[in-house]
Amino acid sequence: MVRPFLRREHDPRGCVALRSPRTQKGCDRMARNVVFRSRLLPGVLAFGAFAAFAGLIAGCGALTTTSTATPAPSAATQTAAKTVHVNLSVLNGNWPQFTPTDFTVSKGETVVLTITSFDPGTSTLPANFAKVSGTVGGTEMINGTAVSQITPNLGAHTLTIPALGLNVVVPAVAVGQKSVTVQATFQVTKSGSFVWQCMAPCGTGPSGWSGPMAEKGYMSGTMTVLN
Ligand SMILES: [Cu+2]
C-alpha cells in the first residue's frame, strides 16, 4: 500500500533518476516521512474516532447524572422546618405576669404560640379585643376547643401586636380549674421588632392600666422576628 503511493509522488519527479548521494539521502528521508505519515494517519484517525466516541459516552453519562442528582425536597420536610413553638405562662402573683415576655422567631415561620395561664382574675375586655385576629383561620384553641371570640367579661389578658393585627385572647381560669391553655397559630411574614401588649385592664389603679400594665416585664414584651 505504501509503495505505489511513494512511487507516484516521488519517482516521476526524479528522486530515483537523480541519484547523487545527497539527493538519494533526501529521497530516502522523504520516503521515510511519507511512510511514517501513512502509518501514523490511520492511527490518528482511529484515536480521534475513539476519543469522539468516548466523549459521546461521557456526555451521555453526564446528562443522565445531571437529570437525577437534584431531587426536590419533600413538602413534609419544608413544613417541618418552618414551624416553631413558643410557650408562655401567665403567673398569678401579686401582679399577673407573662413569662417570658420577650421571644424570638424567624421570618417565614409558622408560630404555634401556647399560653398557659394560672390567673383566675377576670378583666373585662374591650369588645374588639375579645375577638381573635391575625391567626390561621381567625381562631385559637382554648382547652382544645377552637373559638373566634370569648365573652368579654370572662377575659383576663390578651397578647396583642397591633402592627401585625394579631390578637390572642386569654380567658380567666374557670372556677374549679388550675389553669387554662390557649394555643394560637400564626405566620410571621415580616422581620423586625414587634411590641406586644395586653389590652385587658388587668392592672392596678382606677382604670386598671397601672402597676403590671405600666411596667415592663409583666403585660408587654417584644417579639423579635429574624430575617
Ligand atoms: Cu393583662
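Right above here is the structure, for reference.
Residues numbered from 1 in each chain as written. Predicted model: local features only at pLDDT ≥ 70, side-chain atom pairs only at ≥ 80, totals over all residues.

(A) Layout of the overall build of the protein chain. Secondary structure summary: the protein chain contains four helices and 11 strands in total. Buried positions account for 21% of the 227 residues belonging to the protein chain. Partitioning the intrachain contacts of the protein chain with sequence separation of at least 6 by distance along the chain shows that 69% fall at a separation of at least 24. (Helix = DSSP H or I, 4+ residues; strand = E, 2+ residues; numbered from the N terminus. Buried ≥ 20, exposed ≤ 12 C-beta atoms within 10 Å, placed from the backbone. Contact = placed C-beta atoms within 7 Å.)

(B) Representation of the nonpolar core within the structure. Core analysis: the biggest nonpolar cluster contains 33 residues, and I115, V168 and C198 have the highest contact counts within it. Broken down by secondary-structure element, the contributors of at least two residues to this core are β4 (110-117), β7 (155-161), β8 (166-171) and β9 (180-187). Among residues more than four places away in sequence, those in contact with V168 are L113, I115, V132, E140, T158, L159, V182 and A184. (Core = buried A, V, L, I, M, F, W, Y, C linked by C-beta atoms within 7 Å.)

(C) Main features of the sheet that holds strand β6 (residues 145-147). The mixed open sheet is built from six strands, whose spatial order is β2-β1-β4-β9-β5-β6. The outermost strands of the open sheet, each flanked by one partner alone, are β2 (96-99) and β6. Along the sheet, successive strands turn relative to each other by an average axial angle of 25°, direction set aside. Summarising the sheet, strand β5 (residues 140-142) and β6 pair through three bridges and their orientation is antiparallel. Within β6, the position partnered with M141 by the bridge is A146. (Pairing = 2+ DSSP bridges. Axes fitted to C-alpha atoms, helices over the stretch in contact; angles between N-to-C directions.)

(D) Main features of the environment of L88. The topology assignment puts L88 in strand β1 (residues 83-92). Residue L88 is classed as partly exposed on the basis of its 19 C-beta neighbours within 10 Å. Along the sequence, L88 and V182 sit 94 residues apart, while their C-alpha atoms lie 9.8 Å from each other. When neighbours within four sequence positions are excluded, L88 is seen to be in contact with F98, T99, P100 and I115.

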